[in-house]
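Notes for the structure review
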Amino acid sequence: MRVIDADGHVNECPATFDDKYMDPAFRSRRPAIVGSGGLYYWMIGEQVVPRRSGLGCNNFSTPARVDGKPTRHGALIEGKNLDSLDSQELTDLNARLEAMDAEDIDVQVIYPTLFLAYPLTTDMPLMTALCSSYNRWLGDTLSGSDRLKWAGVVNLEDVPGAVKTVYEAKSLGASSMMVLGTAGDHMLDNPMFLPFYEAMAETDLTLGVHVGWSCPSLNNLYSELYPSWITAFTMPLLMGFVAFMTGGLLDRFPNLRVVFLEAGCLWIPFVLDRLNHRYPHAHRLANLYPQINVNAAVEPNEYLKRGNLYWSAEVEDDMLPQVLDLVGEGQIVFGSDMPHSDRERDAAKTLRERDDVSESGKSAILESNPARLYGF
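I will try to describe carefully the structure that is included in this document.

Rules used in this analysis
Residues numbered from 1 in each chain as written. Predicted model: local features only at pLDDT ≥ 70, side-chain atom pairs only at ≥ 80, totals over all residues. Heavy atoms only, no water. Helix = DSSP H or I, 4+ residues; strand = E, 2+ residues; numbered from the N terminus. Buried < 20%, exposed > 50% of the residue type's maximum accessible area, 1.4 Å probe, protein only. Polar contact = N/O pair within 3.5 Å; in protein donor to acceptor, adjacent residues only side chain to side chain. Contact = heavy atoms within 4.5 Å. Pairing = 2+ DSSP bridges. Axes fitted to C-alpha atoms, helices over the stretch in contact; angles between N-to-C directions. Parallel < 35°, antiparallel > 145°, perpendicular 65-115°, else oblique. Nonpolar A, V, L, I, M, F, W, Y, C, P; charged D, E, K, R; others polar. Patch = residues over 30% accessible without salt bridge, like charges linked within 9 Å, V, L, I, M, F, W, Y side chains within 5 Å. Areas by Shrake-Rupley, 256 points an atom, 1.4 Å probe, with all protein chains shown as cover. Salt bridge = Lys/Arg side-chain N within 4 Å of Asp/Glu carboxyl O. Lys, Arg positive; Asp, Glu negative; His and termini not counted. Charge placed at Lys NZ, Arg CZ, Asp CG, Glu CD.

What follows is about the side chain of Asn155. Mapping Asn155 onto the fold places it in the loop between β8 (148–153) and α5 (159–172). Looking at Asn155, the relative accessible area reads 4%, which means it is buried. A distance of 3.3 Å separates the side chain of Asn155 from the backbone oxygen of Met124, its partner in a polar contact. At 3.0 Å, the side chain of Asn155 forms a polar contact with the side chain of Thr128. The contact partners of Asn155, leaving out residues within four places of it in the chain, are Met124, Met127, Thr128, Cys131 and Ala162.

If you want it as C-alpha cells, here you go:
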C-alpha cells in the first residue's frame, strides 16, 4: 500500500520571494526577516508576523533559520520531530524525502505555512504578488518530482488576480489550490468569487480549504494564542464547509473536488446534523417569507453521496470509525502536517495499528482516497 500524505507543509524562506520569482514591481517590498530579542519574524509592509500575543495573535514555524542558524521554532522542530532545516524549507529535497521515508510516506502534497494567516498585508496587489512568487518558487523547486506535489496559494480578495493565479499555478504543476475557510470577512460562497471557482473547474484543480487565521472579526477577539488556536484558527474551516453546503456552489460546480484540512474529523457529525436538521425548516420558512432564500438545491446528505467532498482526519480521532460510517470510507484522507511542531510523528503507522478501523478503511484513507482527491 502506498501512503499519500494529503497535507504536508513547507516553512517559507528568503528564496520564496527571490528576484527569480517575485514580480519586479514588488521586489522593493518583498517580505524580510527581522529580529528582536533573539526572536525572528517576517516583516511584510508595516506588519510583523507571526504575532504570538496581543489582539489578532497567531503562530508560525517560519522563519525556521536566519543566517544559517535555526530560530527557536526551527530548532524545536529539529529536536522534537527530527525534521532538518533543509527538510523544513525544502532547500534539499533529499532531506524531505528521507523524512518521508522514515515515516513510510510515499507521496506528499505540500501546503504553505506563512499563508495560514490573513491578512499578511492590506495591500492587495502586493498580496497577489506574494501568492504568485510562492507558486513560482514551489513550482520550480518541485518540478519533476514524482513524490512531492504542491498546492498553490491565491488572493481571493483580488478576484481577477486570483483567476490569473489559478491558471499560472496549473501551468507550473500545482495539484491543488489552497484557500482558508473565509476570505477575510467574506464567506466562500460570496458571488464575487464565482470567476475563481470557474477557473478551478476549468483547470480541474482540487480545492484545499485549510484551517488558518482567516477571519479578522474572529482573530481580533483574541489576545492569547491558546484560545485563538481553538476558535479563530479552526472555526473558519467549519464556516467554509457550511458555505459550500448551503451556498449553491456544489450545484454550480458539481465536479469540483474539495477537501477540508487539518481540523480533524470530530466536528463533521455535529455540523452535518445541524445542516440536515435545519434544511427542511429553512424551506418551510422560505415558503412563508419571500425574503428568505435557500440556495442549496438538495439536502446535505445528497451532496455527500456525490463523492467529491473530502476531509482529513487525525489518526488518533476517537470517533474516526463513527465518521467513516457516517460519510463512507471513500471520503476521509490522511495528513501528516510535516514538519509542524504540533504534529504526531509516525501517524500512518498509528492508523495502521488501530484495531477499530477496517483494513479497507485504512487503505482508503492512506492511498485510494487522496489519490482520487488529487487526481493522481
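Take the sheet that holds strand β14 (residues 309–313) next. What links the strands of a sheet is backbone hydrogen bonding, and the strands pair in either a parallel or an antiparallel sense. Pairing is parallel in the open sheet, where 8 strands are placed in the order β1-β7-β8-β9-β12-β13-β14-β15. Edge strands, defined here as strands with exactly one partner in the open sheet, are β1 (4–9) and β15 (332–334). The mean inter-strand angle of the sheet, taken between neighbouring strand axes irrespective of direction, is 30°. Two strands pair when backbone bridges link them, and strand β9 (residues 176–180) and strand β12 (residues 206–210) are joined in this way by 5 bridges, in the parallel orientation. From the neighbouring strand, Ser176 faces β12, where its bridge partner is Thr206. The strands touched by helix α13 (residues 320–327) within the sheet are β14 and β15, with β15 carrying the most contacts at an inclination of about 135°. Sheet contacts for helix α15 (residues 359–374): β1, β7 (107–111), β9, β12, β13 (258–261), β14 and β15; angle to β15, the most-contacted strand, approximately 105°.

This brings us to the packing of helix α4 (residues 124–141) against α5. Describing two packed helices takes the angle between their axes plus the distance from one axis to the other. Running from N to C, α4 and α5 point in directions that differ by 5°, and their axes come no closer than 10 Å. Looking at the two axes, α4 sits roughly parallel to α5. Taking contact as the criterion, the partners of Thr128, Ser132, Asn135, Arg136 and Gly139 in α4 are, on α5, Gly161, Thr165, Glu168, Ala169 and Leu172. In terms of residue class, the contact of α4 with α5 is built from 2 nonpolar, 6 polar and 2 charged.

On the surface, Glu316, Asp318, Asp342 and Glu344 cluster together to form a negatively charged patch. In this structure, Glu344 sits in the loop between β15 and α14 (347–352). Exposure remark for Glu344: the relative accessible area of 46% places this residue in the partly exposed category.

Take the sheet that holds strand β4 (residues 47–49) next. On the basis of which strands lie adjacent, the open sheet formed by 3 strands has the order β2-β3-β4 and antiparallel pairing. Each edge of the sheet is formed by a strand with only one pairing partner; in this case those strands are β2 (32–36) and β4. Strand-to-strand twist across the sheet, computed as the mean angle between neighbouring axes with direction ignored, equals 40°. By the bridge criterion, 3 bridges tie strand β3 (residues 39–44) to β4 in an arrangement that is antiparallel. Looking at the pairing, Trp42 lines up with Val49 of β4.

Bear in mind that shape data such as this cannot, by itself, settle questions of function.
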